[in-house]
Amino acid sequence: MWTYDKKLQYPVKIKNPNPKLAQIIISQLGGPDGELAASMRYLNQRYAMPYGKVTGILTDVGTEELAHLEMVAAILYQLTRNLSQEEIAGTPFATYFVDHTTGLYPVAASGVPFDMKYVGIKGDVIADLNEDLAADGAIT
Amino acid sequence: MLRPSNYNCNRGNCRNDMKMLRALDFAIQETVLYLDAYPENRQALQYYHQLMEKRRELAEAYERGCGPLTMYGNQSHTSWDWVEGPWPWEADAN
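Residues numbered from 1 in each chain as written. Chains lettered and ligands numbered in written order. Predicted model: local features only at pLDDT ≥ 70, side-chain atom pairs only at ≥ 80, totals over all residues. Heavy atoms only, no water.

S.K.: How should I be thinking about the overall build of chain B in this particular structure?
M.R.: Check the secondary structure of chain B and you find two helices and zero strands. Relative to its 94 residues, chain B shows a buried fraction of 43%. Look at the contacts in chain B between residues 6 or more apart in sequence, and 52% of them connect residues 24 or more apart. Within the structure as shown, chain B displays about 5,900 Å² of accessible surface, and the carbon and sulfur contribution to it stands at 52%. (Helix = DSSP H or I, 4+ residues; strand = E, 2+ residues; numbered from the N terminus. Buried < 20%, exposed > 50% of the residue type's maximum accessible area, 1.4 Å probe, protein only. Contact = heavy atoms within 4.5 Å. Areas by Shrake-Rupley, 256 points an atom, 1.4 Å probe, with all protein chains shown as cover.)

S.K.: What is the right way to read the overall build of chain A from this model?
M.R.: When helices and strands are tallied, chain A shows seven helices and zero strands. Expressed as lengths along the three principal axes of its C-alpha atoms, the size of chain A is roughly 55 × 30 × 25 Å. Looking at chain A as a whole, 42% of its 140 residues are labelled buried. Long-range contacts, defined as pairs at least 24 residues apart, comprise 71% of the intrachain contacts of chain A with a sequence gap of at least 6. Carbon and sulfur atoms provide 59% of the accessible area of chain A, an area that totals close to 7,400 Å². When the 11 positive and 16 negative side-chain charges of chain A are each reduced to one mean point, those points stand 6 Å apart. (Lys, Arg positive; Asp, Glu negative; His and termini not counted. Charge placed at Lys NZ, Arg CZ, Asp CG, Glu CD.)

S.K.: What's the story with the state of the cysteines in this structure? I'm lost.
M.R.: Note on terminology: a disulfide is the covalent bond linking the sulfur atoms of two cysteines. All names here are of chain B. This model, assessed by the stated rule, comprises one disulfide over all chains. Cys-14 shares a disulfide with Cys-66; S-S distance 2.1 Å. Residues Cys-14 and Cys-66 share a disulfide whose torsion about the S-S bond is about -90 degrees; that sign makes it left-handed. Here the residue Cys-14 occupies a position in helix α1 (residues 13–37), and Cys-66 occupies one in the segment after α2 (42–65), the gap between them amounting to 52 residues. (Disulfide = S-S within 2.5 Å.)

Encoded structure:
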């Protein structure tokens, strides 16, 4: 199980809203190499791991990715605070706003919603760790 | 008794304690990942316990004066402070 820590892993304090920047950063929330994909990758791969050390790393790194997800969400939340429709119109964020307003919905920068198709889980230690290397550069 | 306003206390203690807590937790996180891969490393294990001792003290002080860090940390018997803001993703909390 998990328990929520009521704090960010690293503080986020944004002074100026910026919908254009939010439309780029949102890919780190719901894109193919985003934090949601990373956490789903590690947390679902861990069941097939034959070694305690690797299971431990996948559990702890997968959990940390959820903390990263929250920091990215905090960035997006603060970048899109108190925006008027005029400030959003004409920016790349406008099409997202049509469906979600400023609610946080995990999508890629292209607007494609988050998909587990981004993640490889094969039940094989070598295949899965190679997937992790390809996706994240390293698994830690 | 704890008041929600203590979370944003003017003395700045809560903000400073939170900053220190984040730094400690980051060090603990990295030490844990190292220990996952090298569980036999006594030096790392000792470092983990050093950090944890500081964390226990700081977390206890924070929860007493500023509010719960987890759902297990509501110190007050007269108010449910867990739902008092600001929440971590709000600029005011950082």
